[in-house]
Amino acid sequence: MAAQLVDSFGRVHRDLRISVTDRCNFRCTYCMPAEGLEWVPRDDLLTFEEIARLARIMVERYGVNGIRLTGGEPTVRANLPVLVKMLAELDTDLAMTTNGVSLPLLAGDLRAAGLRRVNVSLDSLQASRFAELTRRDSLDRVLDGIDAAIAAGFDPVKVNCVVMRGLNDDEIADFVDFGRRKGVEVRFIEFMPLDADGIWTNDLVVGVDEILARVTDACPVEPVERTSAPATRYRFADGSGSVGIVASVSDSFCSTCDRVRLTADGQFRNCLFAVTETDVRALLRSGASDDEIGVALEGSVASKWAGHQINRVNFIKPRRSMSQIGG
Ligand code: SAM
Ligand code: SF4
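In this text, all values refer to a predicted model and were calculated from it rather than measured experimentally.

S.K.: Any chance you could explain the site of ligand 1 here in plain terms?
M.R.: The immediate surroundings of ligand 1 are formed by 17 residues, with Tyr-30, Gly-72, Glu-73, Ser-121 and Met-192 found nearest. With respect to ligand 1, the backbone of Gly-72 contributes an N or O atom lying 3.0 Å from a nitrogen atom. At a separation of 2.9 Å, a nitrogen atom of ligand 1 approaches a polar backbone atom of Met-192. Bound to the protein, ligand 1 loses 96% of the 540 Å² it would expose on its own. Among the secondary structure elements, those contributing two or more residues to the shell around ligand 1 are β3 (93–98) and β5 (157–163). For the shell around ligand 1, the class distribution of residues is six nonpolar, nine polar and two charged.

What follows is the structure, encoded as structure tokens:
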């Protein structure tokens, strides 16, 4: 059997998230500060060749079968379709999470380069609220981006909505309608303590049960069988599509987590909430062999903890915010 990236709890890791930049053209209040976040210096960003080499090692040696591009905002990385083409050669389920604002321009090129799926983040369908939450007045552009993704043939197109109490939780029914109308799956995500401004409190988290109750009020649903994916999925009883809920705080899916992450500056993280990292960039730039890099990856995954400790006294907030890790 091929080698595996397996931890001490027996979880096999096959899902790689690659942050291609820490920069962003939005400043979402739950993710980035309005200003003052220092960008990674250009020379410290992994090159496309370095990213592709690492991805190849993970796919060919360890059977990684899913790669998701994220950031920061992945589409602000110049020539992104070139990287997509390089990664598409590895024949994995190649996806991207984006704020959607560049999709009207880029969706066709990304699809042609081999990107298979996109998730577009969208937290309000109201223009003024969208502008407050993202600090950018771009709702129409993001809605056009969703249409462009559908037109380019991405399948499925999903919409990620971070639900925050008192900020956008009154829009759950509107998002259900939106998803059904557009034929996209909306995934409601619990707000996690990875914001750069330190605004997170447990009171702002709208838990899975409450989200599900509001979804059901809007349209009856029935559960879809669970996989290792973080979202619990439900199909609408009238057959008009599906919806997902990512209960990252109240009912963490850590026990089935199969994800590892690579930051834009080449740090390998075995968990979204990890407080230590493995410096893969240093290995890549010091002439390390694939075997040596493999040893470092295996060691990192082997030392993964059972799960995050949000809301427990021993929880340590990672030094990096969500935009610096990649969601
Ligand atoms: N810029 C891209 C985007 O917005 O989709 C990709 C990077 S963003 C960090 C990835 C995902 O993380 C987005 O869906 C975003 O809504 C989510 N996110 C950011 N901060 C979060 C937080 N504090 N809690 C939960 N999700 C968060
Ligand atoms: Fe940028 Fe995405 Fe973070 Fe919003 S959630 S600030 S779009 S990285």
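From this point, things continue past the structure.
S.K.: Explain the packing of helix α3 (residues 103–113) against helix α5 (residues 139–152) to me, please; I cannot follow it from the model alone.
M.R.: The axes of two packed helices give the description: the angle between them and the distance between them. One can describe the packing of α3 onto α5 by two numbers: an axis separation of 8 Å at closest approach and a directional angle of 20°. Taken together, the axes of α3 and α5 are roughly parallel relative to one another. The handedness of the crossing between α3 and α5 comes out as right-handed. On α5, the residues touching Leu-103, Pro-104, Leu-105, Ala-107, Gly-108 and Arg-111 of α3 are Arg-141, Asp-144, Gly-145, Ala-148, Ala-149 and Ala-152. Here the residues of the contact of α3 with α5 sort into seven nonpolar, two polar and three charged.

S.K.: Looking at this model, I keep getting lost on the nonpolar core. Mind explaining?
M.R.: Residues Ile-67, Leu-69, Leu-87 and Phe-188 are the most contacted members of the largest nonpolar core, which totals 98 residues. Here this core gets nine residues from one element, more than from any other, and that element is helix α1 (residues 48–62). Setting aside chain neighbours within four positions, we find Ile-67 in contact with Leu-16, Ile-18, Ala-55, Val-59, Leu-87, Leu-90, Thr-92, Asp-93, Leu-94 and Ala-95.

The rules behind these values
- Residues numbered from 1 in each chain as written.
- Chains lettered and ligands numbered in written order.
- Predicted model: local features only at pLDDT ≥ 70, side-chain atom pairs only at ≥ 80, totals over all residues.
- Heavy atoms only, no water.
- Near = heavy atom within 4 Å.
- Polar contact = N/O pair within 3.5 Å; in protein donor to acceptor, adjacent residues only side chain to side chain.
- Areas by Shrake-Rupley, 256 points an atom, 1.4 Å probe, with all protein chains shown as cover.
- Helix = DSSP H or I, 4+ residues; strand = E, 2+ residues; numbered from the N terminus.
- Nonpolar A, V, L, I, M, F, W, Y, C, P; charged D, E, K, R; others polar.
- Axes fitted to C-alpha atoms, helices over the stretch in contact; angles between N-to-C directions.
- Parallel < 35°, antiparallel > 145°, perpendicular 65-115°, else oblique.
- Left-handed = near helix turned anticlockwise from the far one by under 90°.
- Contact = heavy atoms within 4.5 Å.
- Core = buried A, V, L, I, M, F, W, Y, C linked by side-chain atoms within 4.5 Å.
- Buried < 20%, exposed > 50% of the residue type's maximum accessible area, 1.4 Å probe, protein only.

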